[in-house]
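# Reading the structure
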Amino acid sequence: KVLVGTKVDENHANWTTAYNMLTGIRVSVSRTNAKLDRPLTDADFEAKQKSTFDIAGNELVPSAKYDFKFKDYAPWVFRHLRALFRLDPADYLMSLTGKYILSELGSPGKSGSFFYFSRDYKYIIKTIHHGEHKFLRRILKDYYNHVADNPNTLLSQFYGLHRVKMPYGKKIHFVVMNNLFPPHRDIHQTFDLKGSTVGRDYREEDLENNPRATLKDLNWLRRKRHLELGLTKKQLFMEQLQRDVRLMQKLKIMDYSLLIGVHDLKKGNEENLRDKTLQVFNPGGREGPSDEADPNQILMRTPSKLESARKARELRQMIRAERPVPMGQTSNRMPEELEEGEEVYYLGVIDCLTHYGMIKKIEHFWKGLTSDRTQISALPPEEYGERFIKFMEGVTMSSEEAERDALDRENA
Ligand code: ATP
Ligand code: CA
Ligand code: CA
């Protein structure tokens, strides 16, 4: 059965929650943005700002349709993060709250998180567990410094951390982050790779019914797939990935994956996809809308100041597959110039808020009794990171390299 993202309108069960989330974002983010910019202080990382919304409103909070409480965490830090990620403050609010339309992903994954896409598919709202919320606040300074030092980081870009609470309802924590995939291109194949092989398989038989399911490590290996990045981009990519993984090892994070979206230029975009919400997108074997965002892969710096902002952004976002190119030929060509049969990749590291201490120690123990210890996904963060990097070395090997590698090993 194919589930697709559903529009959250007034008839949707989660309409009130979505409405409150967006209202809270609109009011609190514009409140912070309205102030004169200033450098961050240590206190900004701990800050939280509470607003109480009701039908009447008051001098601080405009009236809203429903009663609810909203908390904005570290608003100044996220304002600065959005600037580091080069978001335009007005665009950000417009995408999320210009019209109150979100689309919700079919069904929540194992973790129980809900995913909502902004109307233009640039942003994702992900509800997170209290543990993840507390953890993000704890590591916020390290994350901030990492982003400041690594403008091309592949890690999820967090733009806001908030909480809504409805009368008699439970507290819902959520983050706003980038959608790695673009709104204007179909993603023909998606892989969620961890470098683990235990249980990391999407049933190939089910692909027929669900052609755009998110595939996993074993599906990747079975297809003998490779990201043909070319030497320069591969180096940039691997160096950045290593820096990102070092941070996660230091913060004892694990269970993250490299999300890869492949756009096949030969297939192009399907026609008549007027309603993007009907496009299959599918995290974790479930289906949703296709989406977009400011993918983080800022692997390439803006090549020329003369490029239009949009083109520059596209370039930064995209890692294009390369057919063997004559030496010296640039690979950063614009999409219009790409030959048929080529692929465009969108990549990033997602789900990076799982602290090893949370539950993983227990899982590790039990799974370790029955499986090869180095292959299960719940390894301690050091080993998880090493295995992740090693796997991604293989993922970014060109097919020729991979063949040579296999031959060498045979001959050894
Ligand atoms: P679990 O903990 O069971 O893995 P989760 O609820 O934490 O699930 P994620 O792993 O964060 O969910 O994401 C699930 C799927 O959602 C991914 O495999 C991917 O398909 C999609 N997804 C998540 N984040 C993004 C993103 N930033 N851009 C595009 N797609 C995303
Ligand atoms: Ca995950
Ligand atoms: Ca998770």
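The coordinates are above.
Residues numbered from 1 in each chain as written. Chains lettered and ligands numbered in written order. Predicted model: local features only at pLDDT ≥ 70, side-chain atom pairs only at ≥ 80, totals over all residues. Heavy atoms only, no water.

### Remarks on the overall build of the chain
Scanning the chain for helices and strands turns up eleven helices and 13 strands. Considering only intrachain contacts with a sequence separation of at least 6, the fraction spanning at least 24 residues in the chain is 72%. In the structure as shown, the chain presents an accessible area of about 19500 Å², 53% of it carried by carbon and sulfur atoms. (Helix = DSSP H or I, 4+ residues; strand = E, 2+ residues; numbered from the N terminus. Contact = heavy atoms within 4.5 Å. Areas by Shrake-Rupley, 256 points an atom, 1.4 Å probe, with all protein chains shown as cover.)

### Re the environment of M166
Structurally, M166 can be placed in the loop between β7 (158–165) and β8 (172–178). M166 sits 100 residues away from Y66 along the chain, and the two C-alpha atoms are 8.6 Å apart. Dropping the residues within four chain positions of it, M166 is found in contact with T17, N20, D67 and F68.

### Quick word on the coordination of the calcium ion (ligand 3)
Here the calcium ion (ligand 3) is held by D351 (OD) and D351 (OD), and the distances to it run 2.5 Å. By secondary structure assignment, the location of D351 is in the loop between β13 (343–350) and α9 (360–370). (Donors = N, O, S within 2.8 Å, 3.2 Å for Na, K, Ca; no water.)

### Focus: the packing of helix α1 (residues 15–33) against helix α4 (residues 89–97)
Look at α1 against α4: their axes get within 10 Å of each other, and the N-to-C directions meet at 170°. One finds that α1 runs roughly antiparallel with respect to α4. Contact with α1, carried on its side by L22, I25, R26, V29, S30 and N33, involves P89, Y92, L93, L96 and T97 of α4 and no other residues of that element. Of the residues that constitute the contact of α1 with α4, the class distribution is seven nonpolar, three polar and one charged. (Axes fitted to C-alpha atoms, helices over the stretch in contact; angles between N-to-C directions. Parallel < 35°, antiparallel > 145°, perpendicular 65-115°, else oblique. Nonpolar A, V, L, I, M, F, W, Y, C, P; charged D, E, K, R; others polar.)

### Observations concerning the packing of helix α7 (residues 231–250) against helix α10 (residues 381–395)
Contact pair α7 / α10: the axes reach a minimum separation of 9 Å and the direction vectors enclose 170°. Taken as axis vectors, α7 and α10 run roughly antiparallel relative to one another. Judged by residue contacts, K234, M238, L241, Q242, V245, R246 and Q249 of α7 engage P381, E382, G385, E386, F388, I389, M392 and E393 from α10. Taken together, the residues of the contact of α7 with α10 sort by class into seven nonpolar, three polar and five charged.

### Focus: α10
Residues lying three or four places apart along an α-helix face the same way, a consequence of the helix completing one turn every 3.6 residues. The terminal C-alpha atoms of α10 lie 20 Å apart, and with 15 residues this matches the ideal 21 Å at 1.5 Å per residue to within 8%. Among the residues of α10, P381, Y384, G385, R387, F388, I389, F391, M392 and V395 are the ones counted as buried. In this fold, the buried residues of α10 make contact with β9 (189–193), α6 (217–222), α7, β11 (257–264) and β13. (Expected span 1.5 Å × (residues − 1). Buried < 20%, exposed > 50% of the residue type's maximum accessible area, 1.4 Å probe, protein only.)

### As for the packing of aromatic side chains
Counting across every chain of the model gives 17 aromatic pairs. Ring centres 5.9 Å apart and planes at 80° place the aromatic pair F45 and Y144 in the edge-to-face group. Here F45, found in helix α2 (residues 42–46), pairs with Y144, found in helix α5 (residues 130–149); they are 99 residues apart in sequence, far enough to count as distant. For the pair formed by F45 and Y144, the shared burial category is buried. Ring geometry for Y123 versus Y159: centroids 5.7 Å apart, planes at 85°, classification edge-to-face. (Phe/Tyr/Trp six-rings, centres within 6.5 Å; stacked < 30°, edge-to-face > 60°.)

### Considering the environment of H355
The topology assignment puts H355 in the loop between β13 and α9. The class for H355 is buried, based on a relative accessible area of 15%. Expressed as a C-alpha distance, the spacing of H355 and M248, which sit 107 residues apart in the sequence, is 9.2 Å. When sequence neighbours within four positions are dropped, the list of residues in contact with H355 reads F135, R138, L251 and K252.

### Some points on the pattern of salt bridges
Under the counting rule described, the total for this entry stands at 18 salt bridges. Salt-bridge contacts for R222 lead to E204; the nearest nitrogen and oxygen are separated by 2.6 Å. Taken together, the residues span a long stretch of sequence, with R222 in helix α6 and E204 in the loop between β9 and β10 (214–215) at a distance of 18 residues. Judged by its relative accessible area of 27%, E204 is partly exposed. The structure contains a network of salt bridges with shared partners spanning D201, E204, R222 and R223. (Salt bridge = Lys/Arg side-chain N within 4 Å of Asp/Glu carboxyl O.)

### Considerations on the side chain of S196
Its place among the elements puts S196 in the loop between β9 and β10. For S196, the side chain forms a polar contact with the main-chain nitrogen of V198, separated by 3.4 Å. (Polar contact = N/O pair within 3.5 Å; in protein donor to acceptor, adjacent residues only side chain to side chain.)

### Some remarks on the environment of G230
Tracing the sequence through the fold places G230 in the loop between α6 and α7. A relative accessible area of 26% places G230 in the partly exposed class. Put simply, G230 and T396 are 166 residues apart on the chain and 8.8 Å apart in space, counted from C-alpha to C-alpha.

### Some points on the sheet that holds strand β3 (residues 68–73)
The strand order β1-β4-β5-β6-β8-β7-β3-β2 describes an open sheet built from eight strands, whose pairing is antiparallel. Both outer strands of the open sheet, β1 (6–8) and β2 (48–53), are each paired with one neighbouring strand and no more. Put simply, the sheet's adjacent strands are angled 30° from each other on average, direction ignored. The pairing of β2 with β3 spans six bridges and is antiparallel. Bridge pairing in β3 links S51 to F70. (Pairing = 2+ DSSP bridges.)

### What to know about the pairing of β11
Burial of β11 is extensive: eight of the eight residues sit out of reach of the surface. Judged by which residues are buried, β11 turns out to be covered on both faces: S257, L259, G261 and H263 on one side and L258, I260, V262 and D264 on the other are all buried. Inspection of the sheet shows β9 paired to β11 by five bridges, in the antiparallel sense. Across the sheet, the residue bridging to D192 is L259, located in β11.

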